[in-house]
Amino acid sequence: MVKLLSIRHIPENTIAYPNADHHGQNQFSPLPESLVRYSPPIKKKSLFLAYVLALSPLGLLGAHHFYLKRRIWGKLYACTLGLLGVGYFVDWFRIPELVREYNYPHKRKQLWKVSEAYMLWLPFGLLGFHQYYLGNGRTAIRYTFSLGGLGIAWIRDLYQIPTLVKMKNEDELILRRTKKNIYTAYLYCITGGFFGIHHWYLNRSPWSVGYQLSLGVFGLGWVLDLIRMPWLVSRANDEIIGKRSPETLVLEEAYLLWLTLGLLGAHNFYLNRPGWGVLYIFTLGFLGIGWLIDAVRIPKLVKDYNEELTPPSPTPAVATTPAVAITSHAQVVTWRSGSAQDGISGIEIQGMSNPSTYL
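Here goes a summary of the coordinates provided. (Residues numbered from 1 in each chain as written. Predicted model: local features only at pLDDT ≥ 70, side-chain atom pairs only at ≥ 80, totals over all residues. Heavy atoms only, no water.)

**Some words on the environment of Leu 224**
No. 1: In this structure, Leu 224 sits in helix H13 (residues 220-240).
No. 2: With near-sequence residues (within four places) excluded, Leu 224 lies in contact with Glu 252 and Leu 256. (Helix = DSSP H or I, 4+ residues; strand = E, 2+ residues; numbered from the N terminus. Contact = heavy atoms within 4.5 Å.)

Laid out in structure tokens, this is it:
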């Protein structure tokens, strides 16, 4: 039997137990404090502040991208001075779009954009940066070692980029949901690991580019990847099914950057600390002192970043009777006990600004 509970005037921050007494009246009890704090409204970003950061010299270091949680773009800007100024200038005109995408992510229609592909094509297209952006790893590698086919393929892409972006947006859902195979990953690592081909296969394009520019982070990264390949493949598959965020930091990667390029602040950029990264570049890790201290601090920095990225979900309260939790944000949490016939299969919220039905 399906029971439907209509709720009109229920006090905020309470739990309603349907038909809890013998008179057919709903009973109310205080909502657990942990659930009152659960999932607060997303704090929207300010268009004015985004413009201030983008127009200031800090925009060359990607400050506006870090503000809008576009960390990969922020790190890229910090390492290339805003794509040699090209991206810095273009962003002046697209800040409203970037802010709107952050504040209303469900309205974003395209993951890959023509404007961003051209931003990468103009200053670094001869090295294939726009091809890396579009996930065309093999083509990008050919560009890197042939300077865009001696410039011929680079010029051709001037006209082909809109088509390439359209194809990428159409095919991405299927391509990125393809489960990764450990044997294929090892094959790519053994044959082309110094150039990051295995990272491209595992949807880790930034690391693929980094390996090409540093020959597998001076060989140490390549050796490390041979050891940790099962974990890399597992993480990639978890990202495909949504169990893990692609932005989650990994301790061994932070230490790899600290050990090899730490005096130049590479690990700070990885840890989303661009300000410290810039300071390390000009001071050689505060003459090595800050670099040594970071050897102890890195585990905590990685942990703090990941906790901020994915806040822990509260433990649902245990209820012996199906219940509905009403918070000040009109969120609904249901608990079921017993058989499906005894539970609630649908709850309709009425008399609120945004009526919703949870099935």
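Here the narrative resumes, following the displayed structure.
**Digging into the packing of helix H10 (residues 182-192) against H13**
The relative placement of two packed helices is expressed as an angle between their axes plus a distance between the axes.
No. 1: Packing of H10 against H13 brings their axes to within 10 Å, and their N-to-C directions diverge by 165°. For the element pair H10 / H13, the angle class is roughly antiparallel. When the axes of H10 and H13 are compared, the crossing they make is right-handed. Between H10, through Ile 182, Ala 185, Tyr 186, Cys 189 and Ile 190, and H13, the contact on the second element is made entirely by Trp 222, Asp 225, Leu 226, Met 229, Pro 230 and Val 233.
No. 2: When the residues that make up the contact of H10 with H13 are grouped by side-chain class, the tally is 10 nonpolar, no polar and one charged. (Axes fitted to C-alpha atoms, helices over the stretch in contact; angles between N-to-C directions. Parallel < 35°, antiparallel > 145°, perpendicular 65-115°, else oblique. Left-handed = near helix turned anticlockwise from the far one by under 90°. Nonpolar A, V, L, I, M, F, W, Y, C, P; charged D, E, K, R; others polar.)

**Overview of the nonpolar core**
No. 1: The biggest cluster of nonpolar side chains holds 30 residues, and the ones touching the most others in it are Trp 73, Leu 83, Tyr 133, Leu 202 and Met 229.
No. 2: Among residues more than four places away in sequence, those in contact with Leu 83 are Trp 73, Leu 76, Tyr 77, Met 119, Leu 120, Pro 123 and Phe 124.
No. 3: The next biggest cluster of nonpolar side chains, apart from the first, holds 17 residues, and it includes Tyr 211, Leu 256, Leu 271 and Trp 291. (Core = buried A, V, L, I, M, F, W, Y, C linked by side-chain atoms within 4.5 Å. Buried < 20%, exposed > 50% of the residue type's maximum accessible area, 1.4 Å probe, protein only.)

**A short note on the side chain of Arg 244**
No. 1: In this structure, Arg 244 sits in the loop between H13 and helix H14 (251-261).
No. 2: At 2.7 Å, the side chain of Arg 244 forms a polar contact with the side chain of Glu 239.
No. 3: Excluding residues that lie within four positions of it along the chain, Arg 244 makes contacts with Arg 235, Asp 238, Glu 239 and Val 250. (Polar contact = N/O pair within 3.5 Å; in protein donor to acceptor, adjacent residues only side chain to side chain.)

**What about the pattern of salt bridges?**
Charged atoms that come close allow side chains of opposite charge to pair.
No. 1: A complete count under the given rule lists 16 salt bridges for this structure.
No. 2: A salt bridge links Arg 228 to Asp 225, with the nearest nitrogen and oxygen atoms 2.9 Å apart. One end of the pair, Arg 228, and the other, Asp 225, are both in helix H13, three residues apart, so they sit about a helical turn from each other.
No. 3: A relative accessible area of 4% means that Arg 228 is categorised as buried.
No. 4: Classification of Asp 225 as buried rests on a relative accessible area of 0%.
No. 5: A salt bridge links Arg 244 to Glu 239, with the shortest nitrogen-to-oxygen separation between them at 2.7 Å.
No. 6: For Arg 244, a relative accessible area of 17% corresponds to the buried category. (Salt bridge = Lys/Arg side-chain N within 4 Å of Asp/Glu carboxyl O.)

Shape is all these values report; function is a separate question.
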